[in-house]
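Structural characterization, general
Here is how the chains run, residue by residue.
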Amino acid sequence: MIDIKSLEKEELQAQLQKQNIPAFRAKQIASWLDKGVLSFGEMKNLPKDLQETLAKQYVIPGVAIEKKYVSKIDGTVKYLFSLSDGEVIESVLMKYKHGWSQCLSTQVGCRMGCTFCATGMEGCKRDLLPSEMLSQIEVAQKDNDIRVSSIVLMGMGEPLDNYENVLRFLELLSEEGGVHIGMRHVSLSTCGLVDKIKELQQLNLQLTLSVSLHAPNDAIRLQLMPIAKKWSVEELLAACREYAKTTSRRISFEYAMFDGINDSKECAMELAEQLKGMLCHVNLIPGNTVAGSRTKRSSASRLKEFQTILDSKGIPVTVRRTLGADINASCGQLRRGDREEI
Ligand code: SAH
Ligand code: SF4
């Protein structure tokens with residue numbers, strides 16, 4: 001069975017043409033897929049026999065709302081979506097001044113095993129298909145009668161560990177007719193798969209690359225992220241420098257602050273030294289305390305102090321606004337039913 005929703009428009013047309021399906025029918029099918037339908041029976045202007053023929057050869061993978069939580073504080077919406085094989089993923093919809101932004105999952109779970117992350121605790125069940133990533137946006141748009149204007153690949157999973165599918169999804173995302181979100185409105189967050197960052201660099205895309213750094217050196221990074229065994233901070237930052245230079249795009253470094261681990265003044269000084277001269281921006285995140293993990297959130301004063309040091313060294317830095325604090329709107333926490341300590 002072919003995943004018809006993961007085909008680009010031209011591929012879809014070519015594929016249907018091979019089956020002698022007339023071009024006007026192919027257009028109708030594409031238009032239904034753009035509307036987010038998940039069965040051929042819903043394609044009302046197609047003859048029954050064509051619907052049946054298509055259903056024998058193609059599948060339309062997508063997501064369905066399993067649970068939905070709306071934050072009373074700021075209107076953030078968190079979804080648990082179910083997939084056709086019964087697996088469950090998360091996605092969060094956030095309202096900003098400039099419009100709606102959605103955080104998408106790219107895998108069911110994650111194999112990277114970061115010690116502070118709820119998603120990483122259960123390993124990776126499977127990669128998401130391009131169609132399943134797209135469907136998260138379509139379903140959220142329909143459910144709220146809105147248009148999503150930007151997306152971040154910061155939900156469950158490591159996007160660069162599902163490289164081919166994520167890239168295909170990005171192609172589908174920017175196609176006209178469908179969700180139609182351009183690369184400049186996309187952020188891709190990675191724990192730092194250096195080989196893939198280099199591959200991505202070759203494509204020279206206009207998306208924002210976010211790198212989850214969380215430490216200024218290997219000794220500390222190793223306590224938090226097993227990926228640090230594979231690539232050193234030095235190798236990762238060298239790749240980031242190259243990436244920023246080639247694409248002229250500012251790298252966004254994510255730095256989650258955990259009490260007594262990576263939040264000292266010395267860490268801030270070392271980080272500033274490491275990032276000196278790079279086209280980048282640091283996003284400080286109050287670390288979320290997750291059940292089963294030893295890491296605890298840093299105090300607000302530690303965060304402030306860290307920010308001030310980076311600032312004084314000329315490193316652009318902001319503290320991330322916490323949205324949906326009452327609904328566990330952080331990576332992997334909802335699915336596991338953890339209660340965040342605030
Ligand atoms: N795998 C990718 C993208 C998904 S995780 C990555 O690691 O970048 C999205 C972001 O949430 C990452 O920056 C990750 O480090 C962060 N994150 C995960 N668990 C967290 C926690 N308990 N507290 C704060 N940030 C966390
Ligand atoms: Fe995976 Fe990102 Fe969680 Fe690490 S932080 S386990 S890379 S999802």
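Residues numbered from 1 in each chain as written. Chains lettered and ligands numbered in written order. Predicted model: local features only at pLDDT ≥ 70, side-chain atom pairs only at ≥ 80, totals over all residues. Heavy atoms only, no water.

Concerning the site of ligand 2
As a reminder, the rule being used: We call a residue near a molecule or strand as soon as one heavy atom of that residue lies within 4 Å of the molecule or strand. Note on residue classes: Ala, Val, Leu, Ile, Met, Phe, Trp, Tyr, Cys and Pro are nonpolar, Asp, Glu, Lys and Arg are charged, and everything else, Gly too, is polar.
What surrounds ligand 2 is the set Cys-110, Met-112, Gly-113, Cys-114, Cys-117, Gly-120, Gly-157, Glu-158 and Cys-191. Across the shell around ligand 2, the residue classes tally to five nonpolar, three polar and one charged.

Observations concerning the pairing of strand 11 (residues 208-212)
The criterion, for reference: For every residue, the accessible area (1.4 Å probe, protein chains only) is compared with the maximum for its type, and the residue is labelled buried under 20%, exposed over 50%, or partly exposed between those bounds. The helix and strand labels rest on DSSP assignments: H or I over at least four residues marks a helix, E over at least two residues marks a strand, and numbering proceeds from the N terminus. Two strands are counted as paired when DSSP detects at least two bridges linking them. Crossover handedness is defined by viewing with both strands directed away from the observer: a clockwise path from the first strand over the helix to the second marks the crossover as right-handed.
Most of strand 11 sits inside the fold, with five of its five residues counted as buried. A two-sided burial pattern is seen for strand 11, the buried positions comprising Thr-208, Ser-210 and Ser-212 on one face and Leu-209 and Val-211 on the other. Note: strand 10 (residues 186-190) against strand 11, four bridges, orientation parallel. Note that in strand 11 the partner of Thr-190 across the bridge is Val-211. The handedness of the strand 10 to strand 11 crossover, carried by helix 6 (residues 194-203), is right-handed. Note: strand 11 against strand 12 (residues 251-257), three bridges, orientation parallel. Following the sheet pairing, Ser-210 is matched in strand 12 by Ser-252.

Concerning the confidence of the model for the protein chain
Detailed reading of predicted coordinates is not advised where the pLDDT is low. Selection criterion: Scored from 0 to 100, pLDDT records how confident the predictor is in each individual residue. Any two residues having at least one pair of non-hydrogen atoms within 4.5 Å are treated as being in contact.
Residues with a pLDDT of 70 or more make up 94% of the protein chain, whose mean pLDDT is 93. Every residue in residues 336-342 is under pLDDT 50, and counting partners more than four places away or in other chains gives 20 contacts.

Some remarks on the site of ligand 1
Stated formally: Identification of polar contacts relies on pairs of N or O atoms within 3.5 Å, with a donor-acceptor requirement for protein atoms, meaning one able to donate a hydrogen and the other able to accept it, and with residues adjacent in sequence counted only if both atoms are side-chain atoms. Areas reported as accessible are Shrake-Rupley estimates using a 1.4 Å probe. Residue values count occlusion only from the protein chains shown.
Not every one of the 18 residues close to ligand 1 is listed here, only the nearest: Phe-116, Ser-189, Ser-212, His-214 and Asn-288. Contacts to ligand 1 include Phe-116, whose backbone N or O atom sits 2.9 Å from a nitrogen atom. Here a nitrogen atom of ligand 1 sits 3.2 Å away from a polar atom, N or O, in the side chain of Glu-158. In isolation ligand 1 has 530 Å² of accessible area, and contact with the protein removes 94% of it. Mapped by element, the contributors of at least two residues to the shell around ligand 1 are strand 10 and strand 12. Here the residues of the shell around ligand 1 sort into eight nonpolar, eight polar and two charged.

Brief notes about the packing of aromatic side chains
To be explicit about the condition: Aromatic contacts are taken between Phe, Tyr and Trp rings whose centres are within 6.5 Å, Trp giving its six-membered ring; a plane angle under 30 degrees counts as stacked, one over 60 as edge-to-face, and the others as tilted. By definition, being over a ring means that NZ of Lys or CZ of Arg is both within 6 Å of the ring centre and within 35 degrees of the ring normal.
Taken as a whole and judged by the stated rule, the model has three aromatic pairs. For the pair Tyr-255 and Phe-306, a centre-to-centre distance of 4.9 Å together with 35° between the ring planes defines the contact as tilted. Of the two residues, Tyr-255 sits in strand 12 while Phe-306 sits in helix 10 (residues 300-312), which places them 51 residues apart along the sequence. Exposure remark for Phe-306: the relative accessible area of 1% places this residue in the buried category. Above the face of the Tyr-163 ring, Lys-196 is positioned so that its terminal group lies 4.9 Å from the ring centre.

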